[in-house]
Amino acid sequence: MYSALRPLLFALPPEFAHNLAFAALRGFGALPASAPPPGTGVELLGLTFPNRIGLAAGLDKDATATAGLAKLGFGFLEVGTVTPRPQPGNPKPRLFRLKEDLALINRMGFNSAGADAVAMNLRRIRDCVDVPVGVNIGKNRVTPVEAAAVDYRACLAATYDVADYVVVNLSSPNTPGLRDLQAADAARDVVGELVAERQRLAVECPEKPRLPPLFVKIAPDFAPGDLEETVAAAMSAGADGIVATNTTVSRPVSLRSNGAVEAGGLSGRPLFPLALQAVRRTRDAVGEGPVIIGVGGISSAADSAAMFDAGADLVQVYSALVFQGPALVKRLAGGS
């Protein structure tokens, strides 16, 4: 069905098509429960994942289609990026399809309904979503980088009771100065403050049975040695894992689409080699134990298998859904 609909969707502006698809997913979420997610489950950090294929952050920013997305067969979902206060993001157009390259460029800029709204949306649907739901958190554009930890703490506090895990986004290229927080010392400080805030919230919310694991999401564009320093700093400050990677600001010479000149973060098929290498470097840096979520350009079972071989425990997809449709999820979960 999606192959028939895709030409119609691709005739529309990308963000409009995205909103239309989300309206359909919200309706899908209201339907009776479907079959359990396919694939083999895994237990990590106290969470049960029905399979190892997840949805990356950036698609369901405000947790408005989470119930519908859960019915597509994902083993886990990640919403956001969420900012403490609502903000509109960057001016439109800010999302571009590179059809010849099976890629997207976005410069959304953390458009968000705000942490309180996202938490409310998740509370409404948590009883009908049977897979872990993570919350990806960021800072507001107007917040100075030196005060970013205040925003991250506010997001954690607002979503603490509904987040199965939390991802600290230090790596989006579309918020000025944000990637400065990936420097080892800055990452250590932010993670350390969030670990302390998580402990404080655990005392205030004793009804939550366990602490939500904290992950740090990193970019694929590190200079040699910098990735290793950053992930080591994050882990030493108390992070439970790493999400590798965010979008890239690089432009591979293989790109053929005219839209490749647009500013923003590149995702999709051309990102895969960079993301795979980042996962391998991250596993080498942190050793066995810490959980790694691999994301970036995965579009086939062979890609996800390569990510697992490189050291990922879980993987996430986003851009490939745009080009292949929701049937991709079950194909990946089934290994085909």
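Residues numbered from 1 in each chain as written. Predicted model: local features only at pLDDT ≥ 70, side-chain atom pairs only at ≥ 80, totals over all residues. Heavy atoms only, no water.

Draft legend 1. Here's a closer look at empty space enclosed by the protein. Within this structure, the stated rule accounts for one cavity of 30 Å³ or more. Of the pockets and cavities examined, the largest cavity occupies roughly 40 Å³. In terms of lining residues, the largest cavity is bounded by Leu 44, Leu 45, Leu 47, Phe 49, Tyr 165, Phe 215, Val 291, Ile 293 and Leu 314. For the lining of the largest cavity, the elements supplying multiple residues, two or more each, are strand E2 (47-49) and strand E12 (291-295). Across the lining of the largest cavity, the residue classes break down as nine nonpolar, no polar and no charged. (1 Å grid on protein atoms, 1.4 Å probe; cavity = no way out; pocket = protein on both sides within 12 Å on 5 of 7 lines; lining within 4 Å. Points joined across faces, edges and corners; volume = space filled by probe spheres on them. Helix = DSSP H or I, 4+ residues; strand = E, 2+ residues; numbered from the N terminus. Nonpolar A, V, L, I, M, F, W, Y, C, P; charged D, E, K, R; others polar.)

Draft legend 2. Seen up close, the environment of Asp 309. With respect to the secondary-structure elements, Asp 309 resides in helix H9 (residues 301-310). When its relative accessible area of 70% is taken as the criterion, Asp 309 is described as exposed. (Buried < 20%, exposed > 50% of the residue type's maximum accessible area, 1.4 Å probe, protein only.)

Draft legend 3. Here's a closer look at the packing of helix H4 (residues 115-125) against helix H5 (residues 148-159). In contact at an axis separation of 9 Å, H4 and H5 are set at 25 degrees when each is read in the N-to-C sense. Put simply, H4 runs roughly parallel to H5. The chirality of how H4 crosses H5 is right-handed. For the pair formed by H4 and H5, the contact residues are Ala 115, Asp 116, Ala 119 and Arg 123 on the first element and Cys 155, Ala 158 and Thr 159 on the second. For the contact of H4 with H5, the class distribution of residues is four nonpolar, one polar and two charged. (Axes fitted to C-alpha atoms, helices over the stretch in contact; angles between N-to-C directions. Parallel < 35°, antiparallel > 145°, perpendicular 65-115°, else oblique. Left-handed = near helix turned anticlockwise from the far one by under 90°. Contact = heavy atoms within 4.5 Å.)

Draft legend 4. Spotlight on the pairing of strand E9 (residues 214-218). With five of five residues buried, E9 is to be regarded as a mostly interior element. Here E9 shows two buried faces, one formed by Leu 214, Val 216 and Ile 218 and the other by Phe 215 and Lys 217. Looking at chain direction, strand E8 (residues 165-169) and E9 are connected through four bridges and run parallel. Residue Val 166 lies in a different strand from E9, and its bridge partner there is Leu 214. Pairing of E9 with strand E10 (residues 241-244), which is carried by four bridges, proceeds in the parallel orientation. Within the sheet, the bridge partner assigned to Phe 215 lies in E10 and is Gly 241. Crossover E9 to E10 through helix H7 (residues 226-236) is right-handed. (Pairing = 2+ DSSP bridges. Right-handed = clockwise from strand over helix to strand, strands pointing away.)

Just distances and angles here, no functional claims.
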